[in-house]
Amino acid sequence: MKNIAILCSGGDVSGMNAALKRFVEYSFAKGLTPYFIDNGYEGLIDNKIYQAGYSDVSGIISRGGTKIRSSRSKRFREQTYRKKAIDNLKMHNISYLVVLGGDGSFKGMQKLSEESEEIGFSAIPSTIDNDIAGTDYCLGVDTALNVIKYSIDSIRDTASSFSRAFVIEVMGRDCGYLALVSALTSGAEMCLIPEIPYDLESYKENFQGQMKDGRGYFIAVVSEAMKNAGTISQWFEKEIGIESRVMSLGHIQRGGNPTVYDRLMAFHFITHAIDGLLEGKKSAVVCYNTGGFNHKKIEDVAFKKYKINPSLLKLGQEYGHTI
Ligand code: F6P
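A. Main features of helix H9 (residues 229–240). Look at H9: 15 Å from first C-alpha to last across 12 residues, which is about the 16 Å you get at 1.5 Å a residue. Within the span of H9, buried status applies to Ala229, Ile232, Ser233, Trp235, Phe236 and Ile240. Each buried residue of H9 lies within a common arc of 155° when the element is viewed along its axis, so the set occupies one face. Exposed and oriented more than 90 degrees from the buried face of H9 are Thr231, Gln234 and Lys238. Just beyond H9, the residue with positive phi is Gly241, at close to 75°.

B. Spotlight on the sheet that holds strand E4 (residues 94–101). The mixed open sheet is built from seven strands, whose spatial order is E3-E2-E1-E4-E5-E10-E11. Lying at the two open borders of the sheet, with one neighbouring strand each, are strand E3 (49–51) and strand E11 (292–297). Strand-to-strand twist in this sheet, taken as the mean axis angle between neighbours without regard to direction, amounts to 25°. Against the sheet, helix H1 (residues 16–29) makes contact with strand E1 (2–8), strand E2 (32–37) and E4, and its axis sits at roughly 155° relative to E2, the strand it touches most. Relative to strand E5 (residues 120–125), helix H5 (residues 103–115) is tilted by about 170°, and along the sheet it contacts E4, E5 and strand E10 (283–289).

C. Just the pattern of salt bridges, in detail. Counted under the stated rule, the structure contains 18 salt bridges. Residue Asp46 pairs with Arg75 through a salt bridge whose shortest N-O separation is 2.9 Å. In this pair, Asp46 is assigned in the loop between helix H2 (40–45) and E3 and Arg75 in the loop between helix H3 (54–57) and helix H4 (79–91), connecting sequence segments 29 residues apart. For Asp46, a relative accessible area of 37% puts it in the partly exposed group. Salt bridges linked by common partners bring Glu42, Asp46 and Arg75 together as one network.

D. Summary view of the site of the ligand. Around the ligand, the neighbouring residues are Arg72, Thr127, Asp129, Met171, Gly172, Arg173, Glu224, His251 and Arg254. Between Arg254 and the ligand, the recorded distance is 2.8 Å, taken from a side-chain N or O atom to an oxygen atom. Calculation on the ligand without its partners gives an accessible area of 400 Å², and the protein chains cover 75% of this total. Its residues assigned to classes, the shell around the ligand shows one nonpolar, three polar and five charged.

E. The arrangement of the packing of aromatic side chains in detail. For the coordinates displayed, the defined rule picks out 13 aromatic pairs. Geometrically, the ring pair formed by Phe269 and Phe293 is edge-to-face, given 5.4 Å between the ring centres and 85° between the ring planes. You can see Phe269 sitting in helix H10 (residues 260–278) and its partner Phe293 sitting in strand E11, a full 24 residues away along the chain. By the ring-pair criterion, three or more aromatic residues cluster together here, those being Tyr203, Phe207, Phe218, Trp235 and Phe236.

F. Geometry of the nonpolar core. Residues Leu44, Leu97, Val98, Leu100, Ile219 and Phe236 are the most contacted members of the largest nonpolar core, which totals 107 residues. With residues near it in sequence (within four places) discarded, Ile219 still touches Ile152, Ile155, Arg156, Ala159, Phe166, Ile168, Ala188, Glu189 and Met190.

G. Region of interest: the pairing of E5. Counting buried residues in E5 gives six out of six residues, a clear majority hidden from the surface. Residues of E5 alternate between two faces, with Gly120, Ser122 and Ile124 on one and Phe121, Ala123 and Pro125 on the opposite face, all of them buried. As judged from the six bridges shared by E4 and E5, these two strands associate in the parallel manner. Each bridged residue has a counterpart across the sheet, and for Leu97 the counterpart in E5 is Phe121. As for the winding sense of the linkage, the β-α-β connection from E4 through H5 to E5 is right-handed. Two elements, E5 and E10, share three bridges in a ladder whose sense is parallel. In the strand pairing of E10, Ala123 is matched with Val285.

H. Focus on the environment of Leu277. With respect to the helices and strands, the residue Leu277 is situated in helix H10. On a C-alpha basis, the gap between Leu277 and Ile119 in space is 9.8 Å, while along the polypeptide they are 158 residues apart. Apart from the residues lying within four places of it in its own chain, the contact partners of Leu277 are Ile4, Tyr96, Val98, Gly120, Phe121 and Ser122.

I. Structural context of the sheet that holds strand E6 (residues 165–170). Spatially, four strands are ordered E7-E8-E6-E9 in an open sheet, and the strand pairing comes out parallel. Each end of this open sheet is capped by a strand with a single partner; those strands are strand E7 (190–192) and strand E9 (244–248). If you compare each strand with its neighbour and ignore which way they point, the axes differ by 15° on average. Note: E6 against strand E8 (residues 218–223), six bridges, orientation parallel. Within E8, the position partnered with Ala165 by the bridge is Phe218. With respect to the sheet, helix H6 (residues 141–162) is in contact with E6, E8 and E9, its orientation differing from that of E6 by roughly 165°.

J. Quick peek at the side chain of Asn88. Examined against the element boundaries, Asn88 turns out to sit in helix H4. Beyond its immediate stretch of four places on either side in the chain, Asn88 contacts Leu44, Ile45, Asp46, Asn47 and Ile49.

The rules behind these values
Residues numbered from 1 in each chain as written. Predicted model: local features only at pLDDT ≥ 70, side-chain atom pairs only at ≥ 80, totals over all residues. Heavy atoms only, no water. Helix = DSSP H or I, 4+ residues; strand = E, 2+ residues; numbered from the N terminus. Expected span 1.5 Å × (residues − 1). Buried < 20%, exposed > 50% of the residue type's maximum accessible area, 1.4 Å probe, protein only. Arc of directions from axis to C-beta. Pairing = 2+ DSSP bridges. Axes fitted to C-alpha atoms, helices over the stretch in contact; angles between N-to-C directions. Contact = heavy atoms within 4.5 Å. Salt bridge = Lys/Arg side-chain N within 4 Å of Asp/Glu carboxyl O. Near = heavy atom within 4 Å. Polar contact = N/O pair within 3.5 Å; in protein donor to acceptor, adjacent residues only side chain to side chain. Areas by Shrake-Rupley, 256 points an atom, 1.4 Å probe, with all protein chains shown as cover. Nonpolar A, V, L, I, M, F, W, Y, C, P; charged D, E, K, R; others polar. Phe/Tyr/Trp six-rings, centres within 6.5 Å; stacked < 30°, edge-to-face > 60°. Core = buried A, V, L, I, M, F, W, Y, C linked by side-chain atoms within 4.5 Å. Right-handed = clockwise from strand over helix to strand, strands pointing away.

Shown next, in the form of structure tokens:
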């Protein structure tokens, strides 16, 4: 019986626990012995590796975060520590390793796979930022979008009751995907993301006109990458003449009960990762494109820049012009 291990790395997402449950169950179904690595690459270096069973995953499917914890490991950038990690995998006779994480975690996995040819590695895109090149979807995005939608709906209630502008800062690191989809689907009046140039003058004319027509509040969604929530809030007060508040949604966006979609995607991602490893795909990323799953070489994903789908960007370009 071969041994297979899993770890979570980087920012946690809702859906990781569903993935762990599927991992244990599908490993057994395929005649593999599942292992958990606690605390990401840090735990791999420190040998926090243990055999997992059904009891480890019972009751976790509905919980956000990850039962086996995650970390951002600086030590893993150094070859000495990666050697320790490989020695630990060998000590436990691990033949396969599944990594749930984002771009940084994939780069780490790529290095590890170059340094250890005997072990098969498979990566599953898991980040609320949805910023991995080569895949249309990353685990956890749907739950994060729903948490943001719920928050903006609530903010709209108070904004409209009190005649205020709210500038809502949304996560996404350097990528505007979360902010753009959230702005569109919650009916925000303004959306600022790095991928779309904006013109405050055109917003000004538009918003002043709307104020004259009786509009009493505004919702602006800005991506954290813009680093300008405070400036935009002051702009509302000075240029539009409306009281304004900044609301940074922060880490709330990373938590919460995973949606049905993320639970299902977790099951699919794990199934494809394990099937790929058993078929001999040694260092691949499981990607989801146009409704189907495929495996891509790690180097075709980890060092490429993610681009937002052009039709989605087109919807975003209407901000500041027609709304
Ligand atoms: O990559 C996920 C993410 O939540 C980003 O959106 C955000 O910029 C970052 O992680 C926050 O990192 P930390 O949890 O280390 O503060």
